[in-house]
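Descriptive analysis of the structure
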Amino acid sequence: MDYTDDQLERYSRHIILKDVGVEGQMKISNAKVLVIGAGGLGSPALLYLAAAGVGTIGIADGDVVDLSNLQRQVIHATGDVDTPKIISAKQKINNLNPDVNVVTYQEMLTAQNITKIIEKYDFIIDGTDNFPAKFLVNDACIFSNKPFSHAGILKFFGQTITIIPGVSTCYRCIFHEPPPLDVVPSCAQAGVIGVIAGILGTLQANEAIKFILEKGNLITNRLMTFDALESRFRDLPIEKNPECPVCGENPVITELMDYEQAACKIRIQ
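Quick summary incoming for the structure in this document. (Residues numbered from 1 in each chain as written. Predicted model: local features only at pLDDT ≥ 70, side-chain atom pairs only at ≥ 80, totals over all residues. Heavy atoms only, no water.)

1. A short note on the packing of helix H3 (residues 21-30) against helix H10 (residues 194-213)
Applied cut-off: Axes, fitted as lines to C-alpha atoms, cover a helix only where it is in contact. Angles between the N-to-C directions of the axes lie from 0 to 180 degrees. Per the convention used, a helix needs a DSSP run of H or I reaching at least four residues, while a strand needs a run of E reaching at least two, with both numbered from the N terminus. It is the rotation of the near helix from the far one that decides the hand of a crossing: anticlockwise by less than a right angle makes it left-handed, clockwise makes it right-handed. Whether two residues are in contact is decided by their heavy atoms: any pair within 4.5 Å suffices. Gly is placed with the polar residues, together with every amino acid not listed as nonpolar (Ala, Val, Leu, Ile, Met, Phe, Trp, Tyr, Cys and Pro) or charged (Asp, Glu, Lys and Arg).
Taken N-terminus to C-terminus, the directions of H3 and H10 make an angle of 115 degrees; their axes are 9 Å apart at the nearest point. The two elements H3 and H10 cross, and the hand of that crossing is right-handed. Contacts from Gly-24, Lys-27 and Ile-28 in H3 reach Ile-209, Ile-212 and Leu-213 in H10. When its residues are assigned to classes, the contact of H3 with H10 shows 4 nonpolar, 1 polar and 1 charged.

2. Some details on the nonpolar core
Worth spelling out the cut-off: Nonpolar cores are built from buried Ala, Val, Leu, Ile, Met, Phe, Trp, Tyr and Cys residues. Side-chain atoms within 4.5 Å join them into one set. The classification of residues rests on relative accessible area computed with a 1.4 Å probe and restricted to protein chains. Under 20% of the type maximum is buried, over 50% is exposed, and intermediate values are partly exposed.
Ranked by internal contacts, the top residues of the largest apolar core, which has 28 residues, are Leu-34, Ile-114, Ile-118, Ile-124 and Cys-170. Sorting the residues of this core by element identifies strand S1 (32-36), helix H6 (114-118), helix H7 (131-144) and strand S6 (157-163) as the ones contributing at least two each. By residue number, the principal contributor to this core is H7, which donates 5 residues. Dropping the residues within four chain positions of it, Ile-114 is found in contact with Leu-109, Leu-136, Val-137, Ala-140 and Leu-256.

3. Topic: a nonpolar patch on the surface
The test is simple: Only residues whose relative accessible area exceeds 30% and that take part in no salt bridge are eligible for patches, with like-charged residues grouped when within 9 Å of each other and nonpolar side chains (Val, Leu, Ile, Met, Phe, Trp, Tyr) grouped when within 5 Å. For the area figures, the Shrake-Rupley method with a 1.4 Å probe applies, and any residue is considered shielded solely by the protein chains shown. Throughout this description, the term salt bridge denotes a Lys or Arg side-chain nitrogen within 4 Å of a carboxyl oxygen of Asp or Glu.
Together, Phe-156, Ile-193, Val-195, Ile-199, Leu-229 and Phe-233 make up an exposed nonpolar region whose accessible area comes to about 540 Å². Along the chain, the position of Val-195 falls in helix H10. Residue classification places Val-195 among the exposed residues on the basis of a relative accessible area of 58%.

Printed below as a string of structure tokens:
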């Protein structure tokens, strides 16, 4: 494809980077990224992916905008309350960058539909906030050989890791199975400082762009944590677990399953 003069100007700060250039920007324009959850993590990820010119952005979310979301879900505005999040998010992306093709899925992903959805994308961003969803995303991406970025936030704390199936540590290498219901509080129950969603979601967008460009070092085989009160990042090295029930040498989980979810109105961070 040939860029127009307007597109060359729009992406000029990328194009002058020696590690991007026109060729790298073309890679971004041809890429397809799925963001699961248009909430706290998904909001900044979606905005920065759109601004970067990612050619196709998928958004999967079955919720509507709630007033309590607006403290951290920056892609939505007051006038969007009670509007499906995918519609609100698509409008903001189209306003920011009309070059982007936005594909929406107004549904919660399950073991029955997730594989068909993620197979169309080059990279997946997990913006969910509950353990059943995170394990489902991990397992589906491992089975479908789809690289993805995990992140989680709660109170003043966040964590993220990027998983390359068959190569790096997966989510189940660290956490074998979801904790019992109601053991770990949700953001709706324990609270979350809004800006930490922006920090972690932006890191996830950066991982997607680095993967597309094939530049830099991804956050693989290490769990990056961030303490907002201390303003401190830490890297926790994580080795690939040969006994992992999904990606190990003798996997015992060979098909997708839906775990029971705790009763909580807010499912997406």
